[in-house]
Amino acid sequence: MKKIVSPAAKGRDPVLTELLARIGRREKIISVRGLEGAGRAFLMALLHRQLKRPVLVITPTEKESRQLYRDLVFFAGEEQIFLYPPWEVVSTDLFAWQREVELSRSEGLCRLLAGEPMLTVAPVKALLQKAPSREVVAAYCRRICLGEFLDRDELILNLLQGGYHRVTLVEGKGEFAVRGNVLDLYPPPAPCPLRLEFVGDEIESIRRFDSNSQRSQQEIDEFLLTPAREVIMTEARQALGIQHAKRRINELELPRALRDRLVERMANGLTMSINPLLLPLFYDDVAPPGFLLDYFSPEGLLIWDDSPAIARSGEELTNEIDRLLLKARREERFYLEREAHYWPADRPAQEGENFQQLFLDNLDFGRYPEALELRAAPPAGIKSGMEIRDR
């Protein structure tokens, strides 16, 4: 049985009241100490419910992100909680891909772009990894409406360029299928797949359908078409990636057979997922890489869950990547430099200044003397005026 945070009959704790007041006044920096374990997740869920604003939580590690996500789902349900994952960009297999991560990242970016009042959790590794530019993703996204006229061949090409896989039956996110005058597709942020019925080039109906039974359900008036990967694979973008790949292979003096196989794989970019190791090859001045915080609403609340540990994790990540790249050089494997995949470690702190920030730290390092520091003692819990009840 799922649990949710809901109002309780008892009075609200004055510490929490003051915290909400500070956030409501949009003070730029607020620090809270004294919370451990699930108490931190409870506070985040409570704030998210009270504020009804986008909330982005940065954690030190992937493991801590997953644990925090589970705690948040327990307290608040999973509808408005999202886990934004990092790529594994240093892989021993150049021709492997990470489809689930690809779909989750695309969904997360599009939901952030839409300004949904959701609570997103991301490890600092995912924050530091380069993403597609906000402008490129926004240019792809479009609302498709009932009664609209669409060239189906152009729509199919658009889906392929956006990373959708063509299948016989749509069962998972990022898939589409065509049968006569019916086109099924499953945009990553959508709660279920969608069925478009055409009369000529006019959309006669848009219905949700069950991916298991394939039965149509309720009709809707419109939906948002979003990409299913981080690169919109136009012909120009594909040619650019191949050009950059050939140049890099020549720089590394790798075997010609590897170049030919890689180029062949990239030439099939409309039908295949892309290894995250290769993503920087598709960036240039026209479509430069983006930063996760570019997608976050300026009205959102940015939470740093143990900022000293986040800083240490950033340093450890840099050292780990450098070790793996050194190994790749010794083994004469294809690789790109760390700067191709990651932003500098100090960028999150710089960009974070554009948002209201809440620091959940256990120790006082005196870095923010102007910020009010609130304490909530773990033995007493949080007398928040909220309670956990069965839904």
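Please read all numbers here as calculations on a predicted model, not as lab measurements.

Got a sec to walk through the pairing of strand 10 (residues 182-185)? Specific residues and values, please.
Burial of the side chains of strand 10 extends over both faces: Val-182 and Asp-184 are buried on one face and Leu-183 and Leu-185 on the other. Sheet topology places strand 9 (residues 175-179) next to strand 10; 4 bridges connect them, and they run antiparallel. Residue Arg-179 lies in a different strand from strand 10, and its bridge partner there is Val-182. Here strand 10 runs beside strand 11 (residues 194-199); their pairing, made up of 4 bridges, is antiparallel. Residue pairing in the sheet places Asp-184 in a bridge with Arg-195 of strand 11.

Any details on the packing of aromatic side chains? Residues and values, ideally.
A complete count under the given rule lists 5 aromatic pairs for this structure. Each ring, one from Phe-42 and one from Phe-75, has its centre 5.3 Å from the other, and the planes form 85°; the classification is edge-to-face. In this pair, Phe-42 sits in helix 2 (residues 38-51) while Phe-75 sits in helix 3 (residues 62-76), placing the two residues 33 residues apart along the sequence. Summarising the burial analysis for this pair, Phe-42 and Phe-75 share the class buried. Taken together, a centroid distance of 5.3 Å and an interplanar angle of 45° make the contact between Phe-296 and Phe-355 tilted. Taken together, the residues span a long stretch of sequence, with Phe-296 in the loop between strand 15 (289-290) and strand 16 (301-305) and Phe-355 in the loop between helix 12 (347-352) and strand 17 (356-360) at a distance of 59 residues. Phe-355 gets classed as buried once you look at its relative accessible area, which sits at 6%. An aromatic cluster of three or more residues is present, and its members are Phe-42, Phe-74 and Phe-75. We note Arg-248 situated over the ring of Tyr-335; from NZ or CZ to the ring centre the distance is 4.9 Å. The ring of Trp-343 is capped by Arg-347, whose NZ or CZ atom sits 4.1 Å from the centre of that ring.

Explain the side chain of Ser-297 to me, and be specific about the residues and the numbers.
Relative to the helices and strands, Ser-297 resides in the loop between strand 15 and strand 16. Every residue in contact with Ser-297, bar those within four places of it in the chain, is listed here: Pro-54 and Phe-355.

Conventions adopted
- Every chain's residues receive numbers from 1 upward, in the order its sequence appears when written.
- With pLDDT at 70 or above as the cut-off, local features in this predicted model cover only qualifying residues; side-chain atom pairs require 80 or more to be listed or tallied, and sums for whole chains, interfaces and linings still use all residues.
- To get the side-chain values, all heavy atoms of the structure are used, and hydrogens and water are removed first.
- Only protein chains enter the calculation, and the probe is 1.4 Å; a residue is then buried if its accessible area is under 20% of its type maximum, exposed if over 50%, and partly exposed in between.
- Runs of E in the DSSP output that reach at least two residues are strands. Runs of H or I that reach at least four are helices, and both are numbered from the N terminus.
- Note on pairing: two strands pair once DSSP finds at least 2 bridges between them.
- Aromatic pairing here means that ring centres of Phe, Tyr or Trp (its six-membered ring) are within 6.5 Å. Orientation follows from the plane angle: under 30 degrees is stacked, over 60 is edge-to-face, and everything else is tilted.
- Distance and angle both matter: a charge sits over a ring if NZ of Lys or CZ of Arg is within 6 Å of the ring centre and within 35 degrees of the ring normal.
- Here, residues are in contact when the closest pair of their heavy atoms is within 4.5 Å.

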